[in-house]
Amino acid sequence: MAILICGGAGYVGSHMVAELLEQGHETVVVDNLEKGHKAAVGKEARFYQGDLRDSLLMDKVFTENKISSVVNYAAYSLVGESVSEPMKYYENNVVGALSLLKSMLKHDVRNIVFSSTAAVYGEPSAIPITEDSPTLPVNPYGETKLTVEKILKWYEQTYNLSYATLRYFNVAGAHCSGEIGEDHTPETHLIPIILQTAMGKFSSLPLYGNDYDTPDGTCIRDYIHVTDLADAHILALKKLESGSPSLTYNLGSGNGFSNKEIIDTACHVTGRKIPIEQKGRRSGDPAVLIASSEKIKQELGWNPVRTDLETIIDSAWQWHSKYPEGFKNA
């Protein structure tokens, strides 16, 4: 039986594919390559290029492969863009998920791991954030993810679908092989932007806010290594395939690192100076976001092992150093 990875050519999806292949799982990937990269997909995986909303393509995927479970990473994820183009996000993230679920039910596939986000919590009232924290998204991106979570709940009740919802915090790092890493256009994540600045691609790094109520005045965020994240998905898959009821988990390291700590660590890892351009706060940026991931640790035995900041940044630096133009020269 095969595992279908939707969005498997993207940053997180490609690392999941790599882990599955290393463990000997038959793996099938569907990706429209709008954001993903074919070069990021392991050659042992069976690849289909196309959109989840293409019912003929999805029929072909499910007919040609014996799929036991699905992992859905396929989504737009730029917060700012979601505010300016909410229709685009609802059509892709929500309608795409509904189309996938329709295909799954048609072909009697009942297990799905859904890639959700900490954005479903909005601006939290308490830290650390637990799975019971209120879900009050403050942007369409978070709202689309929460909408799919609600859909899964009702599909479980009505169609006997089992799901695991995994809410990510800040994902970073790269595969230990140095062959796959983070390559977005445009790049919006802090660590790759810092490293690209260290490489000279940008003249300076914009630092938004230095007057937060934190030890050094900069925002604090929870970073999780992308391979630890993939390991959590595999544990959730195994739990679902064992007949478990549906699950919802936070995925973070439980550690908070400030923007200044990240910059200082990147300077140490790269051995380079990283010029800073101090800017004012961005609207809606909370001072501190840290996850509680105790639930998945206790229930599934998840044990993230790449949690120190230097390990996370060094793995990303190895990828960026080897492929300075990303997958264009991979």
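Below: a short report on this structure.

**Thoughts on the packing of aromatic side chains**
Both the distance between ring centres and the angle between the ring planes are used here to describe each pair of aromatic rings.
Link 1 in the chain: What the rule picks out here adds up to 4 aromatic pairs.
Link 2 in the chain: With centroids separated by 4.9 Å and ring planes inclined at 45°, the aromatic side chains of Trp319 and Tyr323 adopt a geometry described as tilted. Per residue, the accessibility class of Trp319 equals that of Tyr323, and both read buried.
Link 3 in the chain: In textbook terms, an aromatic cluster arises when at least three aromatic residues are bridged by ring pairs, as seen for Trp319, Tyr323 and Phe327.

**Quick look at helix H10 (residues 309–322)**
Link 1 in the chain: Between its first and last C-alpha atoms H10 spans 20 Å; for 14 residues at 1.5 Å apiece the expected length is 20 Å, and the two agree.
Link 2 in the chain: All of the buried residues along H10 are Leu309, Ile312, Ile313, Ser315, Ala316, Trp317, Trp319 and His320.
Link 3 in the chain: The elements touched by buried residues of H10 are strand E7 (170–172), helix H6 (190–198), strand E9 (220–225), strand E11 (256–258) and helix H8 (259–270).

**Some words on the pattern of salt bridges**
For side chains of opposite charge, pairing can occur when their charged atoms come near one another.
Link 1 in the chain: Here the structure, examined in full by the defined rule, presents 16 salt bridges.
Link 2 in the chain: Measuring nitrogen to oxygen at the nearest pair gives 3.0 Å for the salt bridge that ties Arg110 to Asp108.
Link 3 in the chain: Notably, a salt bridge pairs Asp228 with Arg306, separated by 2.4 Å at the nearest N-O pair. Of the two residues, Asp228 is situated in helix H7 (residues 226–241) and Arg306 in the loop between helix H9 (294–300) and H10; the sequence distance between them amounts to 78 residues.
Link 4 in the chain: Using a relative accessible area of 24% as the deciding quantity, one classes Arg306 as partly exposed.
Link 5 in the chain: Within this structure, Arg46, Lys60 and Glu64 form a network of salt bridges that share partners.

**Quick word on the environment of Gln23**
Link 1 in the chain: In this fold, Gln23 is placed in the loop between helix H1 (11–22) and strand E2 (26–31).
Link 2 in the chain: With 211 residues separating them in the primary sequence, Gln23 and Ile234 have C-alpha atoms 10.0 Å apart.

**Brief notes about empty space enclosed by the protein**
Link 1 in the chain: Tallied over the full model, the rule gives 1 cavity of 30 Å³ or more.
Link 2 in the chain: Looking at the largest cavity, its volume works out to about 30 Å³.
Link 3 in the chain: Taken together, Asn72, Ala74, Ala75, Asn93, Phe114, Thr144, Lys145 and Val148 make up the full set of residues lining the largest cavity.
Link 4 in the chain: No other element matches helix H5 (residues 140–159), which puts 3 residues into the lining of the largest cavity.
Link 5 in the chain: When its residues are assigned to classes, the lining of the largest cavity shows 4 nonpolar, 3 polar and 1 charged.

**Observations concerning the pairing of strand E4 (residues 67–72)**
Looking along a regular strand, one sees side chains alternate from face to face of the sheet.
Link 1 in the chain: E4 sits mainly inside the fold: 6 of its 6 residues count as buried.
Link 2 in the chain: Judged from the 5 bridges that link them, strand E1 (residues 2–6) and E4 form a sheet pairing that is parallel. If you follow Ile3 over to E4, its bridge partner there is Ser69.
Link 3 in the chain: Bridging between E4 and strand E5 (residues 111–117) involves 3 bridges; their strand directions are parallel. Pairing of Val71 across the sheet is with Val113, part of E5.

**Overview of the state of the cysteines**
Disulfides are covalent bonds that connect the sulfur atoms of two cysteines.
Link 1 in the chain: Applying the stated criterion across every chain yields a total of 0 disulfides.
Link 2 in the chain: Of all cysteine sulfurs, the one in Cys219 lies closest to Cys267, which takes part in no disulfide; the gap is 18 Å.
Link 3 in the chain: Accessibility expressed as a relative area gives 23% for Cys267, which makes it partly exposed.

**Looking at the packing of H1 against H7**
Link 1 in the chain: At a closest axis distance of 9 Å, the pairing of H1 and H7 adopts a crossing angle of 65°. Once H1 is placed against H7, the crossing between them reads as right-handed. Two secondary-structure elements touch here, H1 through Tyr11, Val12, His15, Met16, Glu19 and Leu20 and H7 through Val226, Thr227, Leu229, Ala230, Asp231, His233, Ile234 and Leu237.

**Re the environment of Lys279**
Link 1 in the chain: Inspection of the secondary structure puts Lys279 in strand E12 (residues 276–279).
Link 2 in the chain: Taking the C-alpha atoms as reference, Lys279 lies 8.3 Å from Asn210; in sequence the two are 69 residues apart.
Link 3 in the chain: In this structure Lys279 touches Pro206, Leu207, Tyr208 and Gly209, once residues within four positions along its chain are discounted.
Link 4 in the chain: A polar side-chain atom of Lys279 sits 3.3 Å from a polar atom in the side chain of Glu277.

**Some points on the side chain of Glu19**
Link 1 in the chain: In this structure, Glu19 sits in helix H1.
Link 2 in the chain: In this structure Glu19 is buried but unpaired, with Arg306 as the nearest side chain of opposite charge at 5.5 Å.
Link 3 in the chain: In contact with Glu19, other than residues within four places in its own chain, are His175, Thr227, Ala230, Asp231 and Ile234.

**Things to note about the sheet that holds E5**
Link 1 in the chain: The strand order E3-E2-E1-E4-E5-E6-E10 describes an open sheet built from 7 strands, whose pairing is parallel. Sheet topology places strand E3 (46–49) and strand E10 (247–251) at the edges, where each strand pairs with a single neighbour. Within the sheet, the average angular offset between the axes of one strand and its neighbour, ignoring direction, is 15°.
Link 2 in the chain: Set on the sheet, H5 makes contact with E5 and strand E6 (162–168); between it and E5 the angle comes to about 155°.

**Regarding H8**
Link 1 in the chain: Taking 1.5 Å as the rise per residue, H8 with 12 residues should run 16 Å; its terminal C-alpha atoms sit 16 Å apart, in good agreement.
Link 2 in the chain: All of the buried residues along H8 are Asn259, Ile262, Ile263, Thr265, Ala266, Val269 and Thr270. One side of H8 holds all its buried residues, which, seen down the axis, span an arc of 165°.
Link 3 in the chain: Looking at the buried positions of H8, the neighbouring elements they touch are H6, strand E8 (205–208), E9, E11, E12 and H10.
Link 4 in the chain: Once H8 ends, the next one or two residues include Gly271, with phi positive near 70°.

Rules used in this analysis
- Residues numbered from 1 in each chain as written.
- Predicted model: local features only at pLDDT ≥ 70, side-chain atom pairs only at ≥ 80, totals over all residues.
- Heavy atoms only, no water.
- Phe/Tyr/Trp six-rings, centres within 6.5 Å; stacked < 30°, edge-to-face > 60°.
- Buried < 20%, exposed > 50% of the residue type's maximum accessible area, 1.4 Å probe, protein only.
- Helix = DSSP H or I, 4+ residues; strand = E, 2+ residues; numbered from the N terminus.
- Expected span 1.5 Å × (residues − 1).
- Contact = heavy atoms within 4.5 Å.
- Salt bridge = Lys/Arg side-chain N within 4 Å of Asp/Glu carboxyl O.
- 1 Å grid on protein atoms, 1.4 Å probe; cavity = no way out; pocket = protein on both sides within 12 Å on 5 of 7 lines; lining within 4 Å.
- Points joined across faces, edges and corners; volume = space filled by probe spheres on them.
- Nonpolar A, V, L, I, M, F, W, Y, C, P; charged D, E, K, R; others polar.
- Pairing = 2+ DSSP bridges.
- Disulfide = S-S within 2.5 Å.
- Axes fitted to C-alpha atoms, helices over the stretch in contact; angles between N-to-C directions.
- Left-handed = near helix turned anticlockwise from the far one by under 90°.
- Polar contact = N/O pair within 3.5 Å; in protein donor to acceptor, adjacent residues only side chain to side chain.
- Lys, Arg positive; Asp, Glu negative; His and termini not counted.
- Arc of directions from axis to C-beta.

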